[in-house]
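Residue strings, one per chain:
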Amino acid sequence: MRTVDPDKINEALDLDRLNLPARPRVRRIVWHDYRDWAGDEALRIWALLDDRTPDRDRAWKRIHPIDRAIRKAIDDIGEERFPYITFWTQAEWRQSKRSR
Amino acid sequence: MISRSHHRQLLEQARYLATREKRRPLQVSLRRSASAAYYALFHFLIDETAKSWLGARRSEKSLRDILARAFQHGTMLQASKGLCSGALGRGVQVALGDARIPGELHELATTFIELQQLRHRADYDLAASFKRQEILSEVGRVETTIQAWTAIQDHPLSRLYLVSLLTWDRMRER
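Computed from a prediction, not measured in an experiment: that's the story for all the values here. (Residues numbered from 1 in each chain as written. Chains lettered and ligands numbered in written order. Predicted model: local features only at pLDDT ≥ 70, side-chain atom pairs only at ≥ 80, totals over all residues. Heavy atoms only, no water.)

Undergrad: Kindly report on the overall build of chain A, identifying the contributing residues and their values.
TA: Within chain A, the secondary structure is distributed over four helices and three strands. The helix and strand sequence of chain A, counted from the amino end, reads α-α-β-β-α-β-α. In terms of overall dimensions, chain A has a C-alpha envelope of 40 × 35 × 25 Å along the principal axes. Considering chain A as a whole, with its 100 residues, one finds that 49% of them fall into the buried category. Here chain A has roughly 5,700 Å² of accessible surface; of this, 43% comes from carbon and sulfur atoms. Averaging the coordinates of the 22 positive side-chain charges in chain A and doing the same for the 19 negative ones gives two points 7 Å apart. (Helix = DSSP H or I, 4+ residues; strand = E, 2+ residues; numbered from the N terminus. Buried < 20%, exposed > 50% of the residue type's maximum accessible area, 1.4 Å probe, protein only. Areas by Shrake-Rupley, 256 points an atom, 1.4 Å probe, with all protein chains shown as cover. Lys, Arg positive; Asp, Glu negative; His and termini not counted. Charge placed at Lys NZ, Arg CZ, Asp CG, Glu CD.)

Undergrad: I'd love a proper account of the overall build of chain B, names of residues and values included.
TA: Regarding its fold elements, chain B presents eight helices and zero strands. Counting from the amino terminus, helix and strand elements in chain B follow one another as α-α-α-α-α-α-α-α. Radius of gyration (C-alpha) of chain B: 17 Å, near the 16 Å computed for a compact globule of 174 residues. Seen through its C-alpha atoms, chain B measures out along the principal axes to roughly 55 × 40 × 25 Å. Here chain B holds 174 residues, and 52% of them are scored as buried. Intrachain contacts of chain B at a sequence separation of at least 6 include 79% that bridge at least 24 residues. (Rg over C-alpha atoms; globule rule 2.2 N^0.38 Å. Contact = heavy atoms within 4.5 Å.)

Undergrad: Explain the confidence of the model for chain B residue by residue, including any values.
TA: Scored by pLDDT, chain B comes out at a mean of 91, with 96% of its residues at no less than 70. Listed scores for the predicted complex are pTM 0.95 and ipTM 0.96. (pLDDT = per-residue confidence, 0-100.)

Undergrad: Lay out the interface of chain A and chain B with the relevant residues and their values.
TA: Contact with chain A, which involves 25 residues of that partner, is made by 22 residues of chain B. Between chain A and chain B, the buried area comes to about 2,100 Å², and carbon and sulfur atoms account for 51% of it. In this assembly, chain A and chain B are joined by four salt bridges. The salt bridge involving B:K81 is made with A:D40; its shortest N-O contact spans 2.7 Å. Contributions of two or more residues to the side of chain A that touches chain B are made by α3 (60-76), β3 (82-89) and α4 (90-98) of chain A. Top contributing element to the side of chain A that touches chain B by residue count: β3(A), with seven residues. (Buried area = accessible area lost by both parts, 1.4 Å probe. Salt bridge = Lys/Arg side-chain N within 4 Å of Asp/Glu carboxyl O.)

Undergrad: Explain the nonpolar core to me, using residue names and the numbers behind them.
TA: Within the largest apolar cluster, 51 residues are counted, with the highest numbers of intra-cluster contacts made by B:L45 and B:Y161. Secondary-structure elements contributing two or more residues to this core are β3 of chain A together with α1 (6-19), α2 (27-54), α3 (61-68), α4 (73-85), α6 (103-124), α7 (132-152) and α8 (156-171) of chain B. Examining the composition of this core, we find that twelve residues originate from one element, α2(B), more than from any other. Other than its neighbours up to four places away in sequence, B:Y161 contacts B:L45, B:A79, B:S80, B:L83, B:L105, B:L108, B:A109 and B:F112. A:V4, A:A12, A:V26 and A:I45 belong to the second largest nonpolar core, which has 22 residues in total. (Core = buried A, V, L, I, M, F, W, Y, C linked by side-chain atoms within 4.5 Å.)

Undergrad: Go over the pairing of β3(A) with me, naming the residues and quoting the values.
TA: All names here are of chain A. With eight of its eight residues buried, β3 lies for the most part within the structure. In terms of strand pairing, strand β2 (residues 41-49) meets β3 through eight bridges, oriented parallel. When the bridges of β3 are listed, R44 appears paired with Y84. In terms of handedness, the path from β2 via α3 over to β3 forms a crossover that is right-handed. (Pairing = 2+ DSSP bridges. Right-handed = clockwise from strand over helix to strand, strands pointing away.)

Undergrad: Give me the lowdown on the side chain of B:R31, citing residues and values where you can.
TA: Residues and elements named next belong to chain B. For R31, the position within the fold is in helix α2. Within the buried core, R31 has no salt-bridge partner, and the shortest N-O distance to an opposite charge, that of D125, equals 6.0 Å. Reaching out from R31, the side chain makes a polar contact with the backbone oxygen of R121 at a distance of 3.3 Å. Every residue in contact with R31, bar those within four places of it in the chain, is listed here: R121, A122, D123, D125, L126, A127, A128 and F130. (Polar contact = N/O pair within 3.5 Å; in protein donor to acceptor, adjacent residues only side chain to side chain.)

Encoded structure:
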């Protein structure tokens, strides 16, 4: 399985390059190497949304374009690991880190 | 065979569980919701495969039930990953010619991969935490994916995908 240099992944996931919709607003993308339950190498990606994002903007139909853009960016650089993508707000992310 | 409405009931259950606590959702509710959403898609795919092979009549139900038990989560996962990555065997690629994977089918396979991993984390990773909107979004994702199936169900690659959910280990090398 072809894996890409982390710098290239960072570049591909740069918010200025991704051309994401204005809403819901993605503030940051965090990722790391991952191994899924089947033992396959993968990527774990969090798209962190603005804390003021209303619940209706977190529905699948609203975040689907972001999900698609991230997957395309990963695919375009030739990365073959499957990207598991989760959408949280920045506050949820901070809370999750504190509780560990 | 679980009736065709079973996956709809699972999706209703998933929504109920994710919204059960009005203020602060319990992790156990969100975890069960995630699991129900995955199983909705799991049973939907098995149902579609069994009907396409054995027929959809009530009289054929017992045969579909038998076939349904042959499906394995791991094989379905690898078939979905194979479709997403284009890792179809050379013989299959030649047979399909220029047929391109419909976007809805790619989305379906991607959703299956994501939801299976989510379900695994929800059921077994007690260190993981889940958010209500995160889970509701995944429930909506499964609903959308299933609705989109009617537009692609007759595409040759869609029918091949259903076959591969059971036979991927043998098909991948063809």
